[in-house]
Amino acid sequence: MKDYIVRATAAEGQVRAFAATTKELVETAREHHNTSPVATAALGRLLTAGAMMGSMMKGEKDLLTLRIHAGGPLQGITVTADSHGNVKGYVGNPDVCIPANSKGKLDVAGAVGVGFMDVIKDMGLKEPYVGQVALQTSEIAEDLTYYFATSEQVPSAVGLGVLMNKDNTVRQAGGFIVQLMPFAEEEVIAKLEENVSKIDSVTNLLEQGHTP
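The text that follows walks through the structure, step by step, so that each part is easy to find. (Residues numbered from 1 in each chain as written. Predicted model: local features only at pLDDT ≥ 70, side-chain atom pairs only at ≥ 80, totals over all residues. Heavy atoms only, no water.)

**What about the sheet that holds strand β9 (residues 170–180)?**
Strand order across the open sheet formed by 4 strands is β1-β2-β9-β8, with antiparallel pairing between neighbours. Both outer strands of the open sheet, β1 (4–10) and β8 (156–164), are each paired with one neighbouring strand and no more. On average, each strand axis in the sheet is inclined to that of its neighbour by 10°, with strand direction left out of account. For β1 and strand β2 (residues 15–21), the ladder comprises 7 bridges, and the chain directions are antiparallel. In the strand pairing of β2, alanine 10 is matched with valine 15. Lying over the sheet, helix α1 (residues 23–33) contacts β2, β8 and β9, oriented at roughly 125° with respect to β9. (Pairing = 2+ DSSP bridges. Helix = DSSP H or I, 4+ residues; strand = E, 2+ residues; numbered from the N terminus. Axes fitted to C-alpha atoms, helices over the stretch in contact; angles between N-to-C directions. Contact = heavy atoms within 4.5 Å.)

Rendered as structure tokens:
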């Protein structure tokens, strides 16, 4: 399956959504940077988010930069994207290897560490827009959820996932961003929250054959 992004609106425009499958993108990044599994997962999550957030921008020449600077062994992540969903990025230390987390999964939060995330949007104005938030979990999706709520005042649900094969190639990668518009009604908000709460993980959905 080729990588692609789907954009949608729902509830008569009260909800907007972006969903992507990014296996080829993340596998290409892994090959080019020779990243360890946990570095691949961290970079893959931010690349997936960058592609979707880039495609939210309106202008032909608009550019987005997502930069995580934190104290973990990964030594930060930088991703840049344009409004067409083209994206590239790198990690500070592509060789990082740390034990699995308590759930037996790749410890992205441990690799990233405690720190901050910058969201920089260059929209051709005199100064780029810069939003900075402290990392909440360092799992990336939750940190972006927090960014949207605090810096853009847009209630959002963000899901990002990268699943690796035993040979350390990328098995699945993708994500979603679902956002409420300011005029969303309580009934719509409640239904959306209920539906989002049922999602266990992006990679599980992709493994089950679901598409964006």
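**Let's talk about the nonpolar core**
Residues Met53, Ile68, Leu74, Ile77, Val112 and Ile140 are the most contacted members of the largest nonpolar core, which totals 48 residues. Among the elements that line this core, the one with the most residues is helix α2 (residues 37–54), at 11 residues. Residues within four places of isoleucine 140 in sequence aside, it is in contact with Ala42, Arg45, Leu46, Ile68, Ile77, Val108 and Leu160. In terms of nonpolar packing, the next biggest core, distinct from the first, is built from 12 residues, Ala19, Val178, Val188 and Leu206 among them. (Core = buried A, V, L, I, M, F, W, Y, C linked by side-chain atoms within 4.5 Å. Buried < 20%, exposed > 50% of the residue type's maximum accessible area, 1.4 Å probe, protein only.)

**Some details on the pairing of strand β7 (residues 129–134)**
Here strand β6 (residues 115–122) pairs with β7 via 6 bridges, running antiparallel. Bridge pairing links phenylalanine 116 to alanine 134 in β7. Counted between consecutive antiparallel strands, the loop separating β6 from β7 contains 6 residues, among which glycine 124 sits at a positive phi close to 80°.

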